[in-house]
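Inside the fold
One letter stands for each residue in the lines below.
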Amino acid sequence: MADATGIAPLPKPLTVADFHDFDPKLAEIGRLLFYDPVLSGNRNISCGTCHHHDLASGDGLALGVGEGGSGLGVRRTTGQGAGRIEKRVPRNAPGLFNLGAREIRVMFHDGRLSIDNIFGNGFNSPAEEYLPKGLKGILAAQALFPLTSETEMAGNPEENKIAGAAYDRIDHVWPLLVERVRGIAGYVEQFSEANPEISGPGDLSIVHIANALGDFINSEWRSTDSGFDRYLAGDDTALGPDARAGMELFYGKAGCATCHSGKLMSDQGFHALALPHFGPGRTRRFDPYVRDVGRMAESDRLEDAYRFRTPMLRNVALTGPWGHNGAYATLEGIVRHHLDPAAALDAWRPDMVRLPPDERFAQVDFISFEDSRERARLRARVDVEPVTLSDQEVKALVAFLEALTGEAKGRLGRPDTVPSGLPVD
């Protein structure tokens, strides 16, 4: 609730107490597994490929290029020969900062993973009752799903058993990956030191692997030292004049804090912003359209159509492109879209997005965007009211968002080598 001046209350400082505890030994194992291609179907991609330290825990692309691609960041290509990608990853690879916060109860752009005991394992997830018990938290659960994705890490069923297992049943993937890790003495030794219950390779399970990955992500990418954080902690000199003006707009006239609220600058909710659709999208299984209906694909509620999770904003200036599909290559672009989503949708052009070129996809990347009926549906489902700001005010808002950049870029950093001996991106 805004006060008499129209400015909403500022949040309290984000501190270490706001995060889940972690085991340093498990986090170190998770660091190695995070960058080890052994967890991918064809042993050619790791979690770190699309969430790299050099790229602020993202990949710098609008839509990811997963298994079968080559290179890193904006230099990543869609691959060559028979092993090249079959389609783009449907959504933008989000940054990983502050995902270990205690208040987070839902993950992914569409919220398809949440804390809920509906299936008796502590989570409502795409794996339903097949998600294993014993996971330390939602970050550990989240780490399991890219391993099963054909476009992200598993690959094509014709290429390896892991990808084939994903088509059988999602939980059939994980034992195959565990067998790989059990065969690497370095991992077994480290897991045994971190977990007293592990006395040999046979005791190692996918839960141990997921918990290690979760503890690494939790401990690695924490951002609590930005100029804004220092300002919240009492340093009145931490924000320059433009950033200070932008903060007042953010919590006042611009209305940003309506959704980007609280310590994490996110209400953890879902909102429709009429971002233009392109790429393969994610929709309901029986939907004949190539599009992305967001939260509705998970909830089956019409009112959730085109709604996506509110992103947290620490280090937002580092984690572009912006939007659930990376529709905007500049921070100013996504800010202006928020001010009038319908008008911004009408003005958006395909050349505003960065997609690694591939002639196979050129004819299909923008099919949905070119469909006037789909654009009309997007325009009709906007959850924010237009706001008029001057160019100077937009500049100030961007300056405030840039003041959310912290100093810490990773606690442990990227390893030079991994126990499997496979190349590290």
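Residues numbered from 1 in each chain as written. Predicted model: local features only at pLDDT ≥ 70, side-chain atom pairs only at ≥ 80, totals over all residues. Heavy atoms only, no water.

**Focus: the overall build of the protein chain**
A count of helices and strands for the protein chain gives 15 helices and five strands. Seen through its C-alpha atoms, the protein chain measures out along the principal axes to roughly 65 × 50 × 40 Å. The buried share of the protein chain, taken over its 425 residues, is 55%. Within the protein chain, residue pairs in contact and separated by at least 24 positions form 67% of the contacts whose partners lie at least 6 positions apart. Carbon together with sulfur atoms contributes 51% to the accessible area of the protein chain, which is approximately 18,500 Å² in total. The centroid of the 46 positive side-chain charges in the protein chain is displaced by 2 Å from the centroid of its 59 negative side-chain charges. (Helix = DSSP H or I, 4+ residues; strand = E, 2+ residues; numbered from the N terminus. Buried < 20%, exposed > 50% of the residue type's maximum accessible area, 1.4 Å probe, protein only. Contact = heavy atoms within 4.5 Å. Areas by Shrake-Rupley, 256 points an atom, 1.4 Å probe, with all protein chains shown as cover. Lys, Arg positive; Asp, Glu negative; His and termini not counted. Charge placed at Lys NZ, Arg CZ, Asp CG, Glu CD.)

**Topic: the packing of helix H1 (residues 24–34) against helix H7 (residues 185–194)**
The relative placement of two packed helices comes down to the angle between their axes together with the axis-to-axis distance. Contact pair H1 / H7: the axes reach a minimum separation of 9 Å and the direction vectors enclose 155°. By the angle between their axes, H1 is roughly antiparallel relative to H7. In this structure, H1 meets H7 at a crossing whose hand is left-handed. Every residue of H7 that contacts H1 at Lys25, Leu26, Glu28, Ile29, Leu32 and Leu33 is listed here: Tyr187, Gln190, Phe191, Glu193 and Ala194. Here the residues of the contact of H1 with H7 are counted per class, giving seven nonpolar, one polar and three charged. (Axes fitted to C-alpha atoms, helices over the stretch in contact; angles between N-to-C directions. Parallel < 35°, antiparallel > 145°, perpendicular 65-115°, else oblique. Left-handed = near helix turned anticlockwise from the far one by under 90°. Nonpolar A, V, L, I, M, F, W, Y, C, P; charged D, E, K, R; others polar.)

**Describing the packing of aromatic side chains**
Applying the stated rule across the entire model yields 15 aromatic pairs. Seen from their ring centres, Phe34 and Phe216 are 5.2 Å apart, and the 55° between their planes marks the pair as tilted. Here Phe216 lies in helix H8 (residues 206–220) and Phe34 lies in helix H1, a separation of 182 residues in the sequence. The class of Phe34 is buried, set by a relative accessible area of 2%. (Phe/Tyr/Trp six-rings, centres within 6.5 Å; stacked < 30°, edge-to-face > 60°.)

**Considerations on the pattern of salt bridges**
Taken as a whole and assessed by the stated rule, the structure comprises 27 salt bridges. Of the charged contacts, one joins Arg379 and Asp346 as a salt bridge, the two residues approaching to 3.1 Å between their closest N and O atoms. Taken together, the residues span a long stretch of sequence, with Arg379 in helix H14 (residues 372–379) and Asp346 in helix H13 (residues 341–347) at a distance of 33 residues. With its nearest N and O atoms 3.1 Å apart, the salt bridge here joins Arg349 to Asp351. (Salt bridge = Lys/Arg side-chain N within 4 Å of Asp/Glu carboxyl O.)

Read these as spatial facts, not as claims about activity.
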